[in-house]
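# Close look at the chain arrangement
So the chains spell out like this:
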Amino acid sequence: EEDKIDLTLPSKKRHRGTKHPLTMVREEIEDLFVSMGYDVVDGPEVDSDMNCFEMLNLPKSHPARDAQDSFYITEEMLLRPHTSSMQVRSMLENVEKKPFKLICPGKTYRRDDDDATHSHQFSQIEGLVVGENISLSDLKGTLELFAKKMFGKDREIRFRASYFPFTEPSYEVDVSCFSCGQKGCNICKGTGWIEILGCGMVHPNVLRNCGFDPEKYQGFA
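Residues numbered from 1 in each chain as written. Predicted model: local features only at pLDDT ≥ 70, side-chain atom pairs only at ≥ 80, totals over all residues. Heavy atoms only, no water.

We now examine the packing of helix 1 (residues 21–35) against helix 4 (residues 136–151). The N-to-C vectors of helix 1 and helix 4 enclose an angle of 135 degrees; their axes lie 11 Å apart at closest approach. As summarised for this structure, helix 1 and helix 4 are arranged oblique, according to the angle between their axes. Where helix 1 crosses over helix 4, the two elements pack in a sense that is right-handed. Contacts between helix 1 and helix 4 involve Val25, Glu28, Ile29, Leu32 and Phe33 on the former and, on the latter, Thr142, Phe146, Lys149 and Met150. When grouped by side-chain class, the residues that make up the contact of helix 1 with helix 4 number 6 nonpolar, 1 polar and 2 charged. (Axes fitted to C-alpha atoms, helices over the stretch in contact; angles between N-to-C directions. Helix = DSSP H or I, 4+ residues; strand = E, 2+ residues; numbered from the N terminus. Parallel < 35°, antiparallel > 145°, perpendicular 65-115°, else oblique. Left-handed = near helix turned anticlockwise from the far one by under 90°. Contact = heavy atoms within 4.5 Å. Nonpolar A, V, L, I, M, F, W, Y, C, P; charged D, E, K, R; others polar.)

In structure tokens, the structure reads:
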């Protein structure tokens, strides 16, 4: 009788945690791109120099390949400095070389000093579309939709010419400041714009390295 348990008693309330803000943002972005027909893929956080750099048209002399900028484990293996390594893996795994759309969210690692805008470990989401007759207007339309969904329907974006070894042409993309309405504040450093991503048309060398004919296929990342 002393050991008897009264099953009619109410249970003790469990205090559960909540989702991390980064997880919430990641899931919101995933839902948006899945609704546009994209696949969500995952890949290893430890990858080869070949996948992280060589196949992405980054030569041996590129500063990103220096041990002072990336976390090398061996001469050939490192913590991935970007989720762009999934461009290579996805295109190589696409044996039939069919058109595709994907995003790859995940953690990345770089030898940066931690401050308000830098971290040695941060999250990144790679987007890649490869197919026939893919143009810069497809990229711009996708990013406009993304910006309005994530930052508000009144947001505008602007493209600034830039350089990345794996895209040509390449662009930095800014979104209009949500705080000051482009009047200038400390969040946007007085410019009215906040940089959110880099992008461009997939470089023909990257397509060729991964078995796609650049004369037939184009892509944006």
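Quick look at a nonpolar patch on the surface now. Side chains of Val46, Ile73 and Met77 sit close together on the surface and give an oily, nonpolar patch of about 240 Å² of accessible area. Examined against the element boundaries, Val46 turns out to sit in strand 2 (residues 46–48). (Patch = residues over 30% accessible without salt bridge, like charges linked within 9 Å, V, L, I, M, F, W, Y side chains within 5 Å. Areas by Shrake-Rupley, 256 points an atom, 1.4 Å probe, with all protein chains shown as cover. Salt bridge = Lys/Arg side-chain N within 4 Å of Asp/Glu carboxyl O.)

For the structure shown, the criterion picks out 7 salt bridges. Where Glu195 meets Arg160, a salt bridge forms, and the shortest distance between an N and an O atom there is 3.6 Å. You can see Glu195 sitting in strand 8 (residues 193–202) and its partner Arg160 sitting in strand 6 (residues 157–164), a full 35 residues away along the chain. The network of salt bridges with shared partners includes Arg158, Arg160, Asp174 and Glu195.

Moving on to the packing of aromatic side chains. Applying the stated criterion across every chain yields a total of 7 aromatic pairs. Measuring from ring centre to ring centre gives 6.1 Å for Phe33 and Phe146, while their planes differ by 40 degrees; the resulting arrangement is tilted. Of the two residues, Phe33 sits in helix 1 while Phe146 sits in helix 4, which places them 113 residues apart along the sequence. Exposure class is identical for Phe33 and Phe146. Each is buried. An aromatic cluster of at least three residues, connected via ring pairs, comprises Phe33, Tyr38, Phe146 and Phe151. (Phe/Tyr/Trp six-rings, centres within 6.5 Å; stacked < 30°, edge-to-face > 60°. Buried < 20%, exposed > 50% of the residue type's maximum accessible area, 1.4 Å probe, protein only.)

Moving on, we get to the pairing of strand 7 (residues 167–176). Across the 10 residues of strand 7, 8 count as buried, placing the element largely inside the fold. Pairing analysis gives 7 bridges linking strand 6 to strand 7, with the strands arranged antiparallel. What sits directly across from Ser162, in strand 7, is Ser170. Remark: 2 residues form the turn of the hairpin made by strand 6 and strand 7, two consecutive strands paired antiparallel. Sheet analysis places strand 7 next to strand 8, joined by 8 bridges and oriented antiparallel. The residue of strand 8 that forms the bridge with Tyr171 is Cys199. (Pairing = 2+ DSSP bridges.)

The end-to-end C-alpha distance of helix 4, which contains 16 residues, comes to 22 Å, matching closely the 22 Å that a straight helix rising 1.5 Å per residue would cover. What helix 4 keeps buried is the set Leu139, Thr142, Leu143, Phe146, Ala147 and Met150. Down the axis of helix 4, the buried set is contained in an arc of 135 degrees. They therefore lie on one face. Just downstream of helix 4, Gly152 is the residue with a positive phi angle, here 120 degrees. (Expected span 1.5 Å × (residues − 1). Arc of directions from axis to C-beta.)

This next bit is on the nonpolar core. Counting 21 residues, the largest nonpolar core has Met91, Phe100, Leu128, Val130 and Phe212 as the members making the most contacts within it. Apart from residues no more than four positions distant in its own chain, Phe100 is found in contact with Met91, Asn94, Leu128, Val129, Val130 and Phe212. (Core = buried A, V, L, I, M, F, W, Y, C linked by side-chain atoms within 4.5 Å.)

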